[in-house]
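What follows is the residue order along each chain.
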Amino acid sequence: MKKYLLAPLACAAALLPFAAGATDGGGPQVKTHQSYIEELQRETPLDIADPLAVFGHVLSSLPDRVKVYPTENYFYFSFIHQGVTYHGNIRLDASDRDAGYVNFGYFEEYALWRAAANVRYRHISPGDGVKVEALSRLSYRVSFKGKSVIFDLNDLSGVKPPEGMLHASETYIGPVFDESGLQFFLVFNKEARIFHYILNETVKNPEVFDITKVSTRITIGRRTSFAFYKDKLDRQILIGIHETNSFLNNYYDGPFDQLPDNFIEGNILKDAILLILPDYADKIDRFGAVSGESRYAISPYMYYATENDLEYFEGCINDTARPDDEYYQCFNAEPFNNRNADDGTTGNGAATEQPKKDEPGK
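Residues numbered from 1 in each chain as written. Predicted model: local features only at pLDDT ≥ 70, side-chain atom pairs only at ≥ 80, totals over all residues. Heavy atoms only, no water.

**Q** In this structure, what is going on with helix 2 (residues 51-61)? I would like to understand it.
**A** Three or four residues apart is the spacing at which side chains of an α-helix point the same way, because the helix has 3.6 residues per turn. For helix 2, the full list of buried residues reads Pro 51, Leu 52, Val 54, Phe 55, Val 58 and Leu 59. Down the axis of helix 2, the buried side of the element spans an arc of 160°, and every buried residue falls inside it. Where the residues of helix 2 are buried, they touch strand 3 (74-81), strand 4 (84-91), strand 5 (102-108), strand 6 (120-124), strand 8 (139-144) and strand 9 (147-153). For helix 2, the capping residue at the N-terminal end is Asp 50, with a side-chain oxygen 3.1 Å from the backbone nitrogen of Leu 52. (Buried < 20%, exposed > 50% of the residue type's maximum accessible area, 1.4 Å probe, protein only. Helix = DSSP H or I, 4+ residues; strand = E, 2+ residues; numbered from the N terminus. Arc of directions from axis to C-beta. Contact = heavy atoms within 4.5 Å. Polar contact = N/O pair within 3.5 Å; in protein donor to acceptor, adjacent residues only side chain to side chain.)

**Q** Even after reading the chapter, I still don't get the side chain of Asp 309, so can you show me in this structure?
**A** Its location among the elements puts Asp 309 in the loop between strand 19 (302-304) and helix 5 (311-317). With a relative accessible area of 19%, Asp 309 lands in the buried category. In terms of polar contacts, Asp 309 uses its side chain to reach the backbone amide nitrogen of Ala 305, at 2.8 Å. Non-local contacts of Asp 309, meaning those with residues more than four positions away in its chain, are made with Met 302, Tyr 304 and Phe 336.

**Q** What exactly am I supposed to notice about the environment of Tyr 303 here?
**A** If you trace the backbone, Tyr 303 turns up in strand 19. Spatially, the C-alpha atom of Tyr 303 lies 8.5 Å from that of Phe 336, the residues being 33 residues apart in sequence.

**Q** Explain the pattern of salt bridges here, please?
**A** Pairs can form between side chains of opposite charge once their charged atoms are near each other. Evaluated as defined, the whole model comprises 14 salt bridges. Measuring nitrogen to oxygen at the nearest pair gives 3.3 Å for the salt bridge that ties Arg 91 to Glu 72. Linking Arg 91 in strand 4 with Glu 72 in the loop between strand 2 (65-68) and strand 3, this pair joins segments that are 19 residues apart in sequence. Of the charged contacts, one joins Arg 235 and Glu 170 as a salt bridge, the two residues approaching to 2.6 Å between their closest N and O atoms. Note that Arg 235 is positioned in the loop between strand 15 (227-230) and strand 16 (236-242) and Glu 170 in strand 10 (residues 170-177), a separation of 65 residues in sequence. Each member of the pair, Arg 235 as well as Glu 170, carries the same accessibility label: buried. (Salt bridge = Lys/Arg side-chain N within 4 Å of Asp/Glu carboxyl O.)

**Q** Teacher, can you tell me more about the nonpolar core here?
**A** One broad trend across soluble globular proteins is that nonpolar side chains are buried collectively. Within the largest apolar cluster, 31 residues are counted, with the highest numbers of intra-cluster contacts made by Phe 55, Ile 90, Val 102, Phe 104, Val 142 and Phe 151. The set of elements that each furnish at least two residues to this core consists of helix 2, strand 2, strand 3, strand 4, strand 5, strand 8 and strand 9. For this core, the element with the most residues is helix 2, which contributes five residues. The contact partners of Val 102, leaving out residues within four places of it in the chain, are Phe 55, Ile 90, Arg 91, Leu 92, Arg 122, His 123, Ile 124, Val 130, Val 132 and Val 142. Grouped together as the second largest cluster of nonpolar side chains are 30 residues, Ile 241, Leu 277, Tyr 296 and Tyr 301 included. (Core = buried A, V, L, I, M, F, W, Y, C linked by side-chain atoms within 4.5 Å.)

Following this line, the structure appears as structure tokens:
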């Protein structure tokens, strides 16, 4: 199995905001350094090595009802304990939540100068005292040690690409709500054998896009550092993720871990993957997962270090004589990512990992 094709089935990422401060009720929320320092200094008794104890603490800290925005059903959180920042998630996986399971993981905040800390993970079951009740197709109540929280999953069942948006060779897989706050249409081009994340411009995306010096067709988001290419159909195709965000395992490491699990119809995703990897017919399930431990990583975009790296796409696409299948193959950055991973410069970051079941990262 090629490692770069795989991503961990369960992931845990969060971005730490400074502690909330005062707001005038109408403008942006103000966050203060004072609150951050005071949170660092506060004594917080918690057995950080015990996933069930940490799960109980997180669940008891939540309001009675929460909204889960990302489409792989991760509810992200962060907290500071004994001066160390931790990030993690509670996940109601589409494959096992109805059987009463909750996926829970957390880890120390990553830093570029040191190796990533191990993720503490627990596949929490009814035997651990957790109760998961389906209130509706996309609403679940999770109860543990006297605390109950309703998790409302993001209902994007009516989200479809506008008429005429898709190329004749493309199949719509489903809507993606990324943890960055951006929304995409996940499509598969069967002739070019490539997936695309196309920005959903029918909704408000909280981002400001700047035109690059590389090309007027390439823009980069100021907050997310996501790079987009306006293709011949005037669609914004995601072509780049800044590599540091992948290393830091944060909200901006790309939508490969936010597939539209609740809205995948039948084997539509599996069939698309098998056009790329036909030998995996008996190895992956309809979500693209292998043995419940790893998942096919849909990450055709580049992990770039500088704006100049994005010239890679222009060098291919500028050949206007290309037929459509070759044109769209230009959006596959896998050769660039693999080349740089091999020479030790930039690389694919955590998408190259093949973690164990008990060590879910990105």
